[in-house]
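# Descriptive analysis of the structure
Here is how the chains run, residue by residue.
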Amino acid sequence: MTDFEIIEALIARDNEVTQEFFFERCRSLFCAIIHKVFDYEVDYDEFVNELYIYLMENDATRLKQFEGRSSLYQWLKVTATRYFIKKRDQLIEDCSKETPIEEESMINHAPSVSALDVQRLMEAMPNKRYVHVIRKLILEEYSPEELAAEMHITTDNLYNIKRRAMMQLMQVALIDIRAYGKK
């Protein structure tokens, strides 16, 4: 099958092609992406399910965007990697057979351990302006232009502050790692 025939079959929800493509042909590609993107174990089936839902959203809009400028596998590698880098803190391995807790109730009732770690590290940073920049640009996803205007500085200056802020956060994290290793 050509790349475009595979795309058409996926859009048509052909179970045989979908199963073969995602669970046989792309297995090594997806395992490599899992290994590269995640620093914890991710269930292969969960990974494929998440990717499939993403690709099929809005009447398979993303699959329809494939133009054949590269191979389907190269396109899928870039698309999946970008998607999972954004989602890496939301996928977990779930070996239990229990019904998962609804995502909304988890968000409202129990902040994640990683979010608590980030908060603790940011509280340890001596420069609160740096904390503000990290929080707005990275955690709240403000645009650099928007934040620069809010802070009454140039965008170039904001990028310099962000660079210094990330360096300070890294130093605080390294100190925390050393302290944690002694406990």
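Residues numbered from 1 in each chain as written. Predicted model: local features only at pLDDT ≥ 70, side-chain atom pairs only at ≥ 80, totals over all residues. Heavy atoms only, no water.

Once that is clear, we can look at unusual backbone geometry. The backbone of A60 sits at a positive phi, close to 60°, despite the residue not being glycine. Assignment of secondary structure puts A60 in helix α4 (residues 44-64). One non-glycine residue with positive phi stands out, namely H152, at about 60°. (Helix = DSSP H or I, 4+ residues; strand = E, 2+ residues; numbered from the N terminus.)

Further remarks concern the pattern of salt bridges. When their charged atoms lie close together, side chains carrying opposite charge are able to pair. Evaluation of the coordinates by the stated rule reveals six salt bridges. Between E57 and R62 there is a salt bridge, with its nearest N and O atoms 3.0 Å apart. Here D59 ties to K64 by a salt bridge, and the two come within 3.0 Å at their closest N and O atoms. What makes D59 exposed here is its relative accessible area of 57%. (Salt bridge = Lys/Arg side-chain N within 4 Å of Asp/Glu carboxyl O. Buried < 20%, exposed > 50% of the residue type's maximum accessible area, 1.4 Å probe, protein only.)

Looking now at the confidence of the model for the protein. Of the residues in the protein, 84% reach a pLDDT of 70 or more, and the chain-wide mean stands at 81. Within the protein, the element-level pLDDT minimum falls on helix α6 (residues 103-109), averaging 42, and the maximum on helix α1 (residues 3-11), averaging 92. Contacts from residues 92-110, a stretch scored under 50 in pLDDT, to residues over four places away or in other chains number eight contacts. (pLDDT = per-residue confidence, 0-100. Contact = heavy atoms within 4.5 Å.)

Our focus in this paragraph is the packing of aromatic side chains. Tallying each qualifying case throughout the model produces 13 aromatic pairs. Their ring planes at 90° and their centres at 5.8 Å tell us that F22 and Y52 sit as a pair that is edge-to-face. One end of the pair, F22, is in helix α2 (residues 15-25); the other, Y52, is in helix α4, with 30 residues separating them in the sequence. Classification of F22 by relative accessible area gives buried; the value is 2%. Considering the side-chain rings of F30 and Y44, the 6.3 Å spacing of their centres and the 40° angle between planes classify their relative orientation as tilted. Pair noted here: F30 is in helix α3 (residues 27-37) and Y44 is in helix α4, with a separation of 14 residues, a long-range link. (Phe/Tyr/Trp six-rings, centres within 6.5 Å; stacked < 30°, edge-to-face > 60°.)

In terms of nonpolar packing, the biggest core is built from 29 residues, with F30, F47 and L51 touching the most fellow members. Of all elements in the fold, only α1, α2, α3, α4 and α5 (72-87) reach the threshold of two or more residues within this core. A per-element tally of this core places α4 first, with nine residues. Ranked by size, the runner-up nonpolar core spans 17 residues in total, among them V131, L147, I153 and A165. (Core = buried A, V, L, I, M, F, W, Y, C linked by side-chain atoms within 4.5 Å.)

Turning our attention to the packing of α3 against α5. Running from N to C, α3 and α5 point in directions that differ by 30°, and their axes come no closer than 10 Å. Judged by the inter-axis angle, α3 sits roughly parallel to α5. In this structure, the crossing between α3 and α5 has a hand that is right-handed. Contacts between α3 and α5 involve L29, F30, I33 and V37 from the first element and Y73, L76, K77, A80, T81, F84 and I85 from the second. The residue inventory of the contact of α3 with α5, partitioned by class, reads nine nonpolar, one polar and one charged. (Axes fitted to C-alpha atoms, helices over the stretch in contact; angles between N-to-C directions. Parallel < 35°, antiparallel > 145°, perpendicular 65-115°, else oblique. Left-handed = near helix turned anticlockwise from the far one by under 90°. Nonpolar A, V, L, I, M, F, W, Y, C, P; charged D, E, K, R; others polar.)

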